[in-house]
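Residues per chain are reported as follows:
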Amino acid sequence: FSKLAGHGAKLYIGNRDNSFFTDLFKPVPYTLHLPATRAGKDYSYTNDDGIQMMGAFQFVPGTPWLVALEFPSSVVAQGASKFLLGLLLSGSIMIICGTGAAWLIGRNLVRPLKKLTNAVSTISEGKFAEVEIEREDEVGKLAAAFNKMSQNLKDTNGKMEEKIKEAELLNTQLRMLSARQQNIREEERKRIAREMHDELGQLLTGFKMDIQLLKNHMPANSGERVAEHIESMNNLVDDAIRFVRRLSSQLREGPLD
């Protein structure tokens, strides 16, 4: 009963006129400390030993008996203190366990994510990185997907570098071909200018000399119309010679001349 009601608790059974009380072991001297009309309600008082007591009583229906229960007030405070102490201890244990669990979960989640963040920063700098796969959950799948993406980027970058080298080689070859074509054009222009100047120029000069000789040996009575035709032919030859010289000079213009 002490374990159930608390240390120091007492159970009394007596009759309604307070003439007899027993603690179920022997008769005891006991008197209710409040009127019978307060049945079922709690009360408190200080006993002869100076201990603050709390209690309550109730009538047993259909009998002249009543049942009273008393216990020291310290038992109530002690129970509340124990309850509060237990609550504090269990709360502290739960907080510690929760903090530890949160630390472990955070460590297991943040560390892989931090590695992924560092790897992303490395890739943003133009380098390639892979993340070690330490687990098979969603974070591990994310790391595997990141490694696959990084490998694809590395392969693509290698192919791009090869294409750039091929483009540079092709560009060099095109520049060489363009320079060779330019040299060929310059040589062809020089050859044409030389042939025009030498061959066509000599022909026109000879033709002009023949016209001059014809003019010099033409009889005085040949007529004015013939003289005009000869002079027109002479002027046309002069224009042709000037055209050949100008065209030859234009063909030979350039840094190689």
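What comes next concerns the included structure.

What counts, and at which threshold
- Residues numbered from 1 in each chain as written.
- Predicted model: local features only at pLDDT ≥ 70, side-chain atom pairs only at ≥ 80, totals over all residues.
- Heavy atoms only, no water.
- Helix = DSSP H or I, 4+ residues; strand = E, 2+ residues; numbered from the N terminus.
- Buried < 20%, exposed > 50% of the residue type's maximum accessible area, 1.4 Å probe, protein only.
- Contact = heavy atoms within 4.5 Å.
- Pairing = 2+ DSSP bridges.
- Polar contact = N/O pair within 3.5 Å; in protein donor to acceptor, adjacent residues only side chain to side chain.

## Some details on the environment of D42
Argument step 1. For D42, the position within the fold is in strand 3 (residues 42-46).
Argument step 2. Here D42 falls in the exposed class, since its relative accessible area comes to 56%.
Argument step 3. Dropping the residues within four chain positions of it, D42 is found in contact with G55 and A56.

## Observations concerning the pairing of strand 1 (residues 10-15)
Argument step 1. Here strand 1 pairs with strand 5 (residues 65-72) via 6 bridges, running antiparallel. By the bridge assignment for strand 5, N15 is matched with W65.
Argument step 2. By the bridge criterion, 2 bridges tie strand 1 to strand 2 (residues 21-22) in an arrangement that is antiparallel. Within the sheet, the bridge partner assigned to I13 lies in strand 2 and is T22.

## Focus: the environment of Q58
Argument step 1. Here Q58 shows up in strand 4 (residues 52-59).
Argument step 2. Placed 19 residues apart in sequence, Q58 and A39 show a C-alpha to C-alpha distance of 5.1 Å.
Argument step 3. Apart from residues lying up to four places away in sequence, Q58 is in contact with A39, G40, L66 and V67.

## As for the side chain of E70
Argument step 1. Of note, E70 is situated in strand 5.
Argument step 2. Polar contacts involving the side chain of E70 include one to the side chain of Y30, which spans 2.3 Å.
Argument step 3. A distance of 2.6 Å separates polar atoms of two side chains, one belonging to E70 and the other to Y45.
Argument step 4. Beyond its immediate sequence surroundings of up to four residues, E70 is in contact with G8, A9, K10, Y12, Y30, H33, Y43, Y45, M53, M54 and G55.

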